[in-house]
2 protein chains.
Amino acid sequence: MPRSHGSEIDTLIQLLAKLPGLGPRSARRSTLQLLKKKDSVMKPLADALNMVADKIVICDTCGNIDTHNPCHVCEDTRRDRSLVCVVEDVADLWALDRSETFKGLYHVLGGTLSALDGVGPDELNISPLIDRVETGDVQEVILALNATVDGQTTSHYLAERLASSGVKVTALAHGVPVGGELDYLDDGTLAAALRARGSVS
Amino acid sequence: MPRSHGSEIDTLIQLLAKLPGLGPRSARRSTLQLLKKKDSVMKPLADALNMVADKIVICDTCGNIDTHNPCHVCEDTRRDRSLVCVVEDVADLWALDRSETFKGLYHVLGGTLSALDGVGPDELNISPLIDRVETGDVQEVILALNATVDGQTTSHYLAERLASSGVKVTALAHGVPVGGELDYLDDGTLAAALRARGSVS
């Protein structure tokens, strides 16, 4: 096969193609763009990757990924330490925190219970959650798992495990997404939104 | 604003979001994926970026971006040195070379003539092309510019400039893309394909 560029460039393309959202074609486009912006993007990106890779730690308390341990969330003294929001993944933690509505702490499970994938309670970050709830000053646990079958199964399991601790256990509301059109929503969401309807006057 | 992670991670997200095909959301997803694959992807990616950024050069002969000068194409002795394919961009060079149909050399213009954007012949890599054609052993110049208005204007301009040199000047064929459905093609393409129809028996 004729080669139009060196193997180092191929390696870079193949590594970029592993990022979610980038395939081989966009990895090639990205590589060319990086090559054209060597000093403004390429070098800083390499430095940022190295720096983050060196500093990255998982928070012992909540499971967040950060450059500190405890993480920025856990060490933030302005947060309400009586509220713990349980999420599946770090991505969910970041997403909830971007909404700027929740000012409590988090707990990352690292997945959901799944009989099919052989994930039981011991594979998840559940025992530390129970310990945290029983020993700390937690008053409410908010279950913010995905509204999938596995997410909801895990939610029910956690609610049962937490029942004896005496803390309040709540879950995210189901309903119509803000900006969503009824016509495009599935029946389950519509039924949930109807059941949870609220007074407007 | 509450911060769920350190500023180094933010910097990384912002740099990744500059890649074509990645927005802020997919840059965040990419970052999390990189953090989870620190040793298998993140570190190698940082190393590949640094290595390529250090080695990258533009080929003096053809304008290709590579880790050598002359580039892999120009120093490949199996290629036909009498054929030069003129392309707008390095991405086009790589794309044509992947097709493995063309075994000649390339010449990257670096853009197209554009009255609107104030790009004249002096802004493009045209003089070196003329020199190359007049002094070397080039027998055919293949104009492989995009089938846009600017690309075709540039094609015509180059054909005129090259007319006095005595080399054969050709251009890519217009027609139905392989795998394309007639129903979805524009009139211009259909008309060009009809005009350039060939005998099949």
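Along each chain, the written sequence defines residue order, and numbers are assigned to residues from 1. Following the order in which they are written, the chains are lettered starting with A and the ligands numbered starting with 1. In keeping with the model being predicted, local features are shown solely for residues with a pLDDT of at least 70 and side-chain atom pairs are shown and tallied solely at 80 or more, while totals for entire chains, interfaces and linings include all residues. Side-chain metrics in this entry use all non-hydrogen atoms of the structure; hydrogen atoms and water are not considered.

Under an unreviewed UniProt entry, the name given to chain A is Recombination protein RecR, and the organism recorded is Kordiimonas lacus.

Points about the UniProt feature "domain: Toprim" (unreviewed entry) in chain A
Selection rule: UniProt positions are given in the numbering used here, feature names are shortened, and annotations may be inferred rather than shown by experiment. Helix numbering and strand numbering both begin at the N terminus, where a helix is a DSSP run of H or I of at least 4 residues and a strand a DSSP run of E of at least 2.
UniProt's entry tags residues 82–177 of chain A with the feature "domain: Toprim" (unreviewed entry), counted in the numbering of this structure. What you have in residues 82–177 of chain A is 34% helix and 20% strand, and the ends, taken at the C-alpha atoms, are 28 Å apart.

Points about the layout of surface pockets
Condition: Put plainly, a pocket is an open set of points on a 1 Å grid over the protein atoms alone with protein on both sides within 12 Å along at least five of seven lines, a cavity is a set where a 1.4 Å probe fits but cannot get out, and a lining residue has an atom within 4 Å of a point. Grid points are joined across faces, edges and corners, and a volume is the space filled by probe spheres set on the points. Classification convention: Asp, Glu, Lys, Arg as charged; Ala, Val, Leu, Ile, Met, Phe, Trp, Tyr, Cys, Pro as nonpolar; all other residues, Gly among them, as polar.
The computed volume of the largest pocket comes to approximately 510 Å³. If you go around the largest pocket, you meet 18 residues; those closest to its centre are Leu 145, Ala 147, Leu 172, Ala 173 and His 174 of chain B. Classifying every residue of the lining of the largest pocket by side-chain character gives eleven nonpolar, six polar and one charged. Along the walls of the second largest pocket sit 16 residues, with Ala 144, Leu 145, Asn 146, Ala 147 and Leu 172 of chain A positioned nearest its centre. Only α4 (90–98) and α6 (149–163) of chain A provide two or more residues apiece to the lining of the second largest pocket. Looking at side-chain class alone, the lining of the second largest pocket contains ten nonpolar, five polar and one charged residues.

Notes on the domain arrangement of chain A
Note the cut-off: As annotated, the domain borders come from an automatic or database domain assignment.
Each assigned domain of chain A is listed here: domain 1 (7–55) and domain 2 (65–171). Look at where the C-alpha atoms of domain 1 of chain A and domain 2 of chain A centre, and you get two points 34 Å apart.

With respect to the environment of Thr 112 of chain A
Residue and element names in this part refer to chain A. The condition that has to hold: Only protein chains enter the area calculation, which uses a 1.4 Å probe; residues under 20% of their type maximum are buried, those over 50% are exposed, and those in between are partly exposed. What makes two residues a contact is simply this: any of their non-hydrogen atoms within 4.5 Å.
Locating Thr 112 in the fold gives a position in the loop between β4 (104–108) and α5 (127–135). Given the relative accessible area of 13%, Thr 112 is considered buried. Discounting residues that sit within four places of it in the chain, Thr 112 has contacts with Glu 88, Val 119, Leu 124, Leu 145, Asp 150, Gly 151 and Thr 154.

Remarks on the pairing of strand β5 (residues 140–143) of chain A
Regular strands place their side chains on alternate faces of the sheet. Residue and element names in this part refer to chain A. For the record, the criterion: Strand pairing is assigned whenever DSSP detects at least two bridges linking the two strands. Here the term right-handed applies to a crossover when the path leading from its first strand over the helix to its second strand runs clockwise, the strands being oriented away from the viewer.
Side chains of β5 alternate between two faces, with Glu 140 and Ile 142 and Val 141 and Leu 143 buried alike. With four bridges connecting them, strand β3 (residues 80–87) and β5 associate as parallel partners. Bridge pairing links Val 84 to Val 141 in β5. Pairing geometry for β5 and strand β6 (residues 168–171), over four bridges, is parallel. Counterpart to Glu 140 in the pairing with β6 is Lys 168. As a crossover connection, the stretch from β5 through α6 into β6 is right-handed.

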